[in-house]
Amino acid sequence: MHGPYWDYIKIFSVIYWQSQSFCAKRLKDLGVTCGQFMYILCICDNPGISQEKVAESTCIDKSTVAKAVQQLLQGGFITRQSSAEDRRVNELYPTEKAKEIYPKIVEIIDSFNMGQLEGLTDIERDIFIRLLQKVFNHVKPKT
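The shown structure was predicted, so the numbers you read here are calculated from the model rather than taken from an experiment. (Residues numbered from 1 in each chain as written. Predicted model: local features only at pLDDT ≥ 70, side-chain atom pairs only at ≥ 80, totals over all residues. Heavy atoms only, no water.)

J.: Please give an account of the layout of surface pockets that cites residues and values.
T.: Over the atoms a probe the size of a water molecule is rolled, and this reveals where empty space is left. Considering only enclosed or pocket space, the largest pocket measures out at about 1,500 Å³ in volume. Together, 33 residues line the largest pocket, and I15, Y16, S19, M38 and N113 are the ones closest to its centre. Of all the secondary structure elements, the ones that give two or more residues to the lining of the largest pocket are helix 1 (4-27), helix 2 (37-45), helix 3 (51-58), helix 5 (96-117) and helix 6 (122-139). Looking at the lining of the largest pocket, its residues break down into 24 nonpolar, eight polar and one charged. (1 Å grid on protein atoms, 1.4 Å probe; cavity = no way out; pocket = protein on both sides within 12 Å on 5 of 7 lines; lining within 4 Å. Points joined across faces, edges and corners; volume = space filled by probe spheres on them. Helix = DSSP H or I, 4+ residues; strand = E, 2+ residues; numbered from the N terminus. Nonpolar A, V, L, I, M, F, W, Y, C, P; charged D, E, K, R; others polar.)

J.: An account of the nonpolar core is needed here, citing residue identities and associated values.
T.: Within the largest apolar cluster, 30 residues are counted, with the highest numbers of intra-cluster contacts made by L27, V32, I40, V54, F77 and I105. Those elements that provide at least two residues to this core are helix 1, helix 2, helix 3, helix 4 (62-74) and helix 5. For this core, the element with the highest residue contribution is helix 2, accounting for seven residues. Discounting residues that sit within four places of it in the chain, V54 has contacts with Y39, C42, I43, I49, V65 and L92. (Core = buried A, V, L, I, M, F, W, Y, C linked by side-chain atoms within 4.5 Å. Buried < 20%, exposed > 50% of the residue type's maximum accessible area, 1.4 Å probe, protein only. Contact = heavy atoms within 4.5 Å.)

J.: Explain the packing of aromatic side chains to me, and be specific about the residues and the numbers.
T.: The tally for this structure, following the rule as stated, stands at three aromatic pairs. An angle of 75° between the planes, with centres 5.0 Å apart, marks the rings of Y16 and W17 as edge-to-face. With a relative accessible area of 44%, Y16 lands in the partly exposed category. Over the aromatic face of F22 sits the side chain of R26, whose NZ or CZ is 3.7 Å from the ring centroid. Over the ring of F77 we find K97, and its NZ or CZ is 4.5 Å from the ring centre. (Phe/Tyr/Trp six-rings, centres within 6.5 Å; stacked < 30°, edge-to-face > 60°. Lys NZ or Arg CZ within 6 Å of the ring centre and 35° of its normal.)

J.: Would you mind going over the pairing of strand 3 (residues 90-94) in detail, with residue names and values included?
T.: The sheet contact formed by strand 1 (residues 49-50) and strand 3 spans two bridges and is antiparallel. Along strand 3, the bridge assignment pairs I49 with L92. (Pairing = 2+ DSSP bridges.)

J.: Before we move on, could you go through helix 2 and cite the residues and values that matter?
T.: Most of helix 2 is tucked away, with seven of its nine residues classed as buried. Buried within helix 2 are the following residues: F37, Y39, I40, L41, C42, I43 and C44.

J.: So, the pattern of salt bridges: which residues are in play, and what are the values?
T.: This structure, assessed with the given rule, holds three salt bridges. With a shortest N-O distance of 3.6 Å, E96 and K99 are connected by a salt bridge. Here E96 pairs with K99, and both are found in helix 5, just three residues apart, close to one helical turn. (Salt bridge = Lys/Arg side-chain N within 4 Å of Asp/Glu carboxyl O.)

J.: Describe the side chain of S50, naming the residues involved and giving the relevant values.
T.: Here S50 is to be found in strand 1. When near neighbours in sequence (up to four residues on either side) are disregarded, S50 contacts V89 and N90.

J.: Would you mind going over the packing of helix 2 against helix 5 in detail, with residue names and values included?
T.: Where helix 2 contacts helix 5, the two axes come as close as 10 Å, and the packing angle between them is 120°. Between helix 2 and helix 5, the interaxial angle falls into the category oblique. When you trace helix 2 past helix 5, the crossing you get is left-handed. Each of F37, I40, L41, C44 and D45 in helix 2 lies in contact with helix 5, whose residues at this interface are A98, K99, I101, Y102, I105, V106 and I109. (Axes fitted to C-alpha atoms, helices over the stretch in contact; angles between N-to-C directions. Parallel < 35°, antiparallel > 145°, perpendicular 65-115°, else oblique. Left-handed = near helix turned anticlockwise from the far one by under 90°.)

Any link to function would need more than the numbers given here.
Structure, rendered in structure tokens:
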């Protein structure tokens, strides 16, 4: 009735909401929300990354990243230090608390991904991921 574009939006919406629900239930035990885990992964993978680079790499606006960083600082998941080269730039580092839950977060994300891709052959998974990456590269914010 609505056409292929409606289906496209509906599919992505359902996948998004299902991923949020799946992750929220499992991350709760770690003291992390769905809105925080991506930042923990980014900072653990890139210790010393600037807040601006976090925004750039996660494709999330700077004000939202600033709020999340504040929550992670208060939660004891990250620390912030002024850069030695430029005092105006803050570098973000994971704490032991973040490093401890990092593998658990990765496990949760992998579990969700495997469940969603169940029933696809290895070739279908590869094609699917490549197509998603192509769409993502087209729609992500330009820097």
